[in-house]
Protein chains: 2
Amino acid sequence: MEIIENFRELKQRSGSHSPSIDELKQALDVEIKIDACFLSNPYATDLFIENFNSEIIEKNKLRDVLEFYPQQNNDISLLLGQYLSLNPESIFVGNGAIEIIQAILHRFVNTSIVIPIPTFSSYYEFVKDDCEVYTYSLRAEDDFYLNLDEYGKYIRANDIKNVVIINPNNPDGGYIERGKLVSFLDDFQDLESIIIDESFSHFAYESMDLERKSIESLVEKYTNLVVVKSMSKDFGIAGIRAGYGVLSPSRRNSLTKNGYLWNLNGLATYFFRLYCTEQFQSKYEIVRKKYIWNTLMFINELQSIDEVYIVPSKGNFVLLKLGDLPSEVLMITLLKDYGIYVRDCSDKRGLPPGFIRVASRSFEENQQIYLSLLEVSRRYMSSEFDTLE
Amino acid sequence: MEIIENFRELKQRSGSHSPSIDELKQALDVEIKIDACFLSNPYATDLFIENFNSEIIEKNKLRDVLEFYPQQNNDISLLLGQYLSLNPESIFVGNGAIEIIQAILHRFVNTSIVIPIPTFSSYYEFVKDDCEVYTYSLRAEDDFYLNLDEYGKYIRANDIKNVVIINPNNPDGGYIERGKLVSFLDDFQDLESIIIDESFSHFAYESMDLERKSIESLVEKYTNLVVVKSMSKDFGIAGIRAGYGVLSPSRRNSLTKNGYLWNLNGLATYFFRLYCTEQFQSKYEIVRKKYIWNTLMFINELQSIDEVYIVPSKGNFVLLKLGDLPSEVLMITLLKDYGIYVRDCSDKRGLPPGFIRVASRSFEENQQIYLSLLEVSRRYMSSEFDTLE
């Protein structure tokens, strides 16, 4: 019970986001073997580090990365534009997706905004003081799926001017097919902004070839569309802070001309240069698909566990509950008895109690998580946790 | 002449800031031996890299820096507050000083602002559209020294609400003593903001013990004071993007609660943790003072060159002109014939023509710069450049 108290205190300090694994190790006396709170492709991290070691460390170029001012925002936009076949003037490169979200909310969202919940909390936490925030509750009985027809009716009924769609959504992994988004964009061209966050899109797919889908090229047609893309998750490089937004050239230029010029660090500019090479991308595609297959297998295994309910996901994570076990007990049991750190979602606005979010990690780690959860399920069924509540 | 054309084109693309050395190498066909455009202490870069190699690379901890989300802004504030004996709630840690400047200008500067020129252009480029910008011209005949009494009269006469002071100023290195700033703060407590940029303060001194001076502890007393501190220059780590601001807790909390949470990358959080150790600081103090002595010697040497006029500087750079030689010719001559890249200041608002800015580098590099400039001075006096203009 003491560990629950300590964890609550730590969580309090971290606001509406999870404490990092370092903070956790320091605050609680636990050994963490698997960080299944952290949402990223570990194989992509391996690939990045392999490149970084051979191109930077071994060639003694670390000093170049650390000492000098990195390339300006515009230079990286140019590179990305060529690679992604997008107008460079519509690409805003950010110090992580969070900088892009903050900039958009503060520069372009003035009157009202709607955000489906549960979701990534920054979208409602970072709005300007005088902006009216509507939250649109996704329902557990719909598996938290966002029905765009109903969402549209809600937007019209409340005359809301700015809209957020996170696709796939976090923490549930709900995914909206590209075709449906295009219809929505068509119907809502009069809105000020439609912000579509594709930070987890590299893990989603619409057919078994696992091709990536993105809406970003449609910024050309729908000038109120803003696409947000974090690189932290799919490339496993949260520490280097890299993301980009695709938005109308006039909006993008107002950002780069007024404040966002040297927002990229030397590691991030190195990453983007690497990202835009065919050689890296062909290797990345292999580890992306390998990770999706791993994740699919992992989700199937978790689904087979008695008393475990899983929300259908096209993210690299699943939202799940184990019978009526409180999520905090489930989270702490996995941490204390198995060294597995998962996200207790009891503080997530718009989510009923009982859910934890489990990230897909490497094949071996996923097997450990599966076997541990299997054992916790057996302990649950033998009423071991009854006295705890 | 073709090289001048190419350089102009490159400069056009870079806006009001210098092209980076990488951009320069790519665009012009020149070999750059010394980058005296870049303002940083190279000995401090050595010290940082030494630590990074032994603590991160050799201990195989690079993955920790790259893969995971770095510590949140508040954690680093806490650490810095303890180390600097400042209230952590008044410290805002930034993705380089530029992020802090941008955030302050957009969140707290609404009506009018005055900026002495010549100076770092972002202070007038990044203000909000509806904010009135006054520029206060520093005079060449005063060696660009900012007289606070006259500045104060100008502020009152125009009823200006927000004030910028860069100390030491860039590009001239003019320095205002701490005592004078305190009187100014005392007289102008009714203003909305007094922004004092101390990004070059580690190179300045008021007595021969070379002790660092800072105004940051006075934020406690003067709630309209905002101190901006880049770490790029004194620690020679522009590539990792690190800086901090000291400002009233209410302003600081409005930033960290609304947008600026994960703005630091893994390298920057590592740097701040290192910065707050006595072991690092004692070594840093040695290289800081060594570099100041180098710079003093360098400036003395440059002053001895015929026809060279030098503006008195307490920065790690000097603004200088060679007779009536156009600055572009001087800059390109140093680049093409000697491999030395300096900042041509012909585009600096508020500066008369003819000036280049030369950074102090390592002892050996400074000697090269001095000898090269000596030779250019001889060539100038033998009328070699007469046909060029």
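Residues numbered from 1 in each chain as written. Chains lettered and ligands numbered in written order. Predicted model: local features only at pLDDT ≥ 70, side-chain atom pairs only at ≥ 80, totals over all residues.

J.: When you look at the overall build of chain A in this model, what are you seeing that I'm missing?
T.: Within chain A, the regular secondary structure consists of 14 helices and 13 strands. The C-alpha radius of gyration of chain A comes to 21 Å, within 12% of the 21 Å expected for a compact globule of 389 residues. For chain A, the spread of C-alpha atoms along the principal axes amounts to about 60 × 60 × 40 Å. Counting across all 389 residues of chain A, residues that qualify as buried make up 50%. Pairs at least 24 residues apart make up 72% of the contacts formed inside chain A by residues separated by at least 6 positions. (Helix = DSSP H or I, 4+ residues; strand = E, 2+ residues; numbered from the N terminus. Rg over C-alpha atoms; globule rule 2.2 N^0.38 Å. Buried ≥ 20, exposed ≤ 12 C-beta atoms within 10 Å, placed from the backbone. Contact = placed C-beta atoms within 7 Å.)

J.: Looking at this structure, I do not really get the relation of the copies chain B and chain A. What am I missing?
T.: These two copies of the chain differ by a rotation about an axis and a displacement along the same axis. Mapping chain B onto chain A leaves a residual RMSD of 0.0 Å; the transformation is a rotation of 180° accompanied by 0.0 Å of translation along its axis. Interpreted geometrically, this transformation is the action of a two-fold axis. Most of the interface of chain B is mirrored in chain A, where 100% of its interface residues again form contacts. (Least-squares fit on C-alpha atoms with pLDDT ≥ 70 in both.)

J.: I'm lost on the domain arrangement of chain A in this one. Help?
T.: Accessible area lost upon the coming together of the parts serves often as the stated size of an interface. Residue and element names in this part refer to chain A. Each assigned domain of chain A is listed here: domain 1 (2-46 + 282-377) and domain 2 (69-276). Of all the secondary-structure elements, those providing two or more residues to the side of domain 1 that touches domain 2 are helix 3 (42-57), helix 12 (278-303) and strand 10 (317-322). Counting residues per element, the side of domain 1 that touches domain 2 draws most heavily on helix 12, which supplies four residues. Of the residues in the side of domain 1 that touches domain 2, the class split is 12 nonpolar, nine polar and six charged. (Domains from an automatic or database assignment. Nonpolar A, V, L, I, M, F, W, Y, C, P; charged D, E, K, R; others polar.)

J.: Please explain the sheet that holds strand 12 (residues 343-344) of chain A as it appears in this structure.
T.: Strands pair in a sheet through their backbones, by hydrogen bonds, and they do so in one of two ways: parallel or antiparallel. All names here are of chain A. The antiparallel open sheet is built from four strands, whose spatial order is 9-10-13-12. In this open sheet, the two edge strands, each paired with only one partner strand, are strand 9 (308-310) and strand 12. Across three bridges, the pairing between strand 9 and strand 10 is antiparallel. Looking at strand 10, one finds that V308 is bridged to L322. (Pairing = 2+ DSSP bridges.)

J.: Help me understand the sheet that holds strand 2 (residues 91-94) of chain B, please; the structure alone is not making it clear to me.
T.: Residues and elements named next belong to chain B. Taken together, seven strands build an open sheet; the order of strands is 2-8-7-6-5-3-4 and the sheet is mixed. Strands at the two margins of the open sheet, each flanked by one partner only, are strand 2 and strand 4 (132-137). Averaged over all neighbouring strand pairs, the angle between strand axes comes to 20°, with direction disregarded. Pairing of strand 3 (residues 112-117) with strand 5 (residues 162-166), which is carried by two bridges, proceeds in the parallel orientation. Each bridged residue has a counterpart across the sheet, and for I113 the counterpart in strand 5 is N162. Of the strands in this sheet, strand 2 and strand 8 (243-246) touch helix 5 (residues 73-84), which is tilted by about 120° from strand 2. (Axes fitted to C-alpha atoms, helices over the stretch in contact; angles between N-to-C directions.)

J.: Any chance you could explain helix 3 (residues 42-57) of chain B here in plain terms?
T.: Taken as a whole, helix 3 of chain B has its buried residues at P42, Y43, A44, T45, L47, F48 and F52 of chain B. Where the residues of helix 3 of chain B are buried, they touch helix 4 (62-67) of chain A together with helix 12 (278-303) of chain B.

J.: Just to check I follow, could you spell out the environment of I176 of chain A for this structure?
T.: Residues and elements named next belong to chain A. Along the chain, the position of I176 falls in the loop between strand 5 (162-166) and helix 9 (178-187). Taking the number of C-beta atoms within 10 Å as the measure of exposure, I176 has 22 and is therefore buried. Taking the C-alpha atoms as reference, I176 lies 9.3 Å from I165; in sequence the two are 11 residues apart. Filtering out sequence-adjacent residues up to four positions away, I176 remains in contact with L146, L148, I165, N167 and L181.

J.: How should I be thinking about the interface of chain B and chain A in this particular structure?
T.: Every contact between the two is made by 40 residues of chain B and, on the other side, 40 residues of chain A. Listing elements by their share of the side of chain B that touches chain A, those giving two or more residues are helix 3, helix 4 (62-67), helix 6 (97-107) and helix 11 (266-275) of chain B. The leading source of residues in the side of chain B that touches chain A is helix 4 of chain B, at five residues. A per-class count over the side of chain B that touches chain A returns 19 nonpolar, 17 polar and four charged.

J.: Can you walk me through the pairing of strand 13 (residues 356-359) of chain A in this structure?
T.: Two faces make up the sheet, and in a regular strand the side chains alternate between them. Residue and element names in this part refer to chain A. Of the two faces of strand 13, both are covered, the one formed by I356 and V358 as well as the one formed by R357 and A359. Sheet topology places strand 10 next to strand 13; four bridges connect them, and they run antiparallel. Bridge assignment links L319 to a residue of strand 13, and that residue is R357. Sheet analysis places strand 12 next to strand 13, joined by two bridges and oriented antiparallel. Across the sheet, the residue bridging to D344 is I356, located in strand 13.

J.: Would you mind going over unusual backbone geometry with me for this structure?
T.: With glycine set apart, most residues show a phi of negative sign, and most peptide bonds adopt trans. Residues and elements named next belong to chain A. At the junction of N167 and P168, the peptide bond is cis and its omega measures out at -5° in the coordinates. Mapped onto the fold, P168 is located in the loop between strand 5 and helix 9. The linkage connecting N170 with the following residue, P171, adopts the cis geometry, with an omega of 25°. Mapped onto the secondary structure, P171 falls in the loop between strand 5 and helix 9. The backbone of D159 sits at a positive phi, close to 55°, despite the residue not being glycine. Secondary-structure assignment places D159 in the loop between helix 8 (148-157) and strand 5. Residue R241 is not a glycine yet carries a positive backbone phi of 55°. Tracing the sequence through the fold places R241 in the loop between strand 7 (225-230) and strand 8 (243-246).

J.: Teacher, can you tell me more about the packing of helix 12 of chain B against helix 14 (residues 363-381) of chain B here?
T.: The relative placement of two packed helices is expressed as an angle between their axes plus a distance between the axes. Residues and elements named next belong to chain B. The geometry of helix 12 relative to helix 14 is characterised by a closest axis approach of 10 Å and an angle of 10° between their N-to-C directions. The orientation of helix 12 relative to helix 14 falls into the category roughly parallel. On helix 14, the residues that touch N294, F298, E301 and L302 of helix 12 are F363, N366, Y370 and L373. Taken together, the residues of the contact of helix 12 with helix 14 sort by class into five nonpolar, two polar and one charged. (Parallel < 35°, antiparallel > 145°, perpendicular 65-115°, else oblique.)

J.: Sorry, what's going on with the confidence of the model for chain A here?
T.: Confidence in the prediction of chain A, expressed as mean pLDDT, is 94, and 99% of residues score 70 or more. Predicted complex metrics record ipTM = 0.91 and pTM = 0.93. (pLDDT = per-residue confidence, 0-100.)

J.: Can you walk me through the environment of F280 of chain A in this structure?
T.: Residue and element names in this part refer to chain A. Structurally, F280 is set in helix 12. When the C-alpha atoms of F280 and L47 are compared, they prove to be 8.5 Å apart, with 233 residues separating the residues in sequence. The contacts of F280, once residues within four sequence positions are left out, are N51, L274 and Y275.

J.: Which parts of the structure should I look at to understand the packing of helix 3 of chain A against helix 12 of chain A?
T.: Residues and elements named next belong to chain A. Orientation of helix 3 relative to helix 12, taken along the N-to-C sense of each, is 155°, at an axis distance of 9 Å. Classified by the angle between their axes, helix 3 and helix 12 sit roughly antiparallel to one another. As helix 3 packs across helix 12, the resulting crossing turns out to be right-handed. Seen from helix 3, the contacting residues are Y43, A44, L47 and N51; seen from helix 12, they are F280, K283, Y284, V287, K290 and Y291. Looking at side-chain class alone, the contact of helix 3 with helix 12 contains seven nonpolar, one polar and two charged residues. (Left-handed = near helix turned anticlockwise from the far one by under 90°.)

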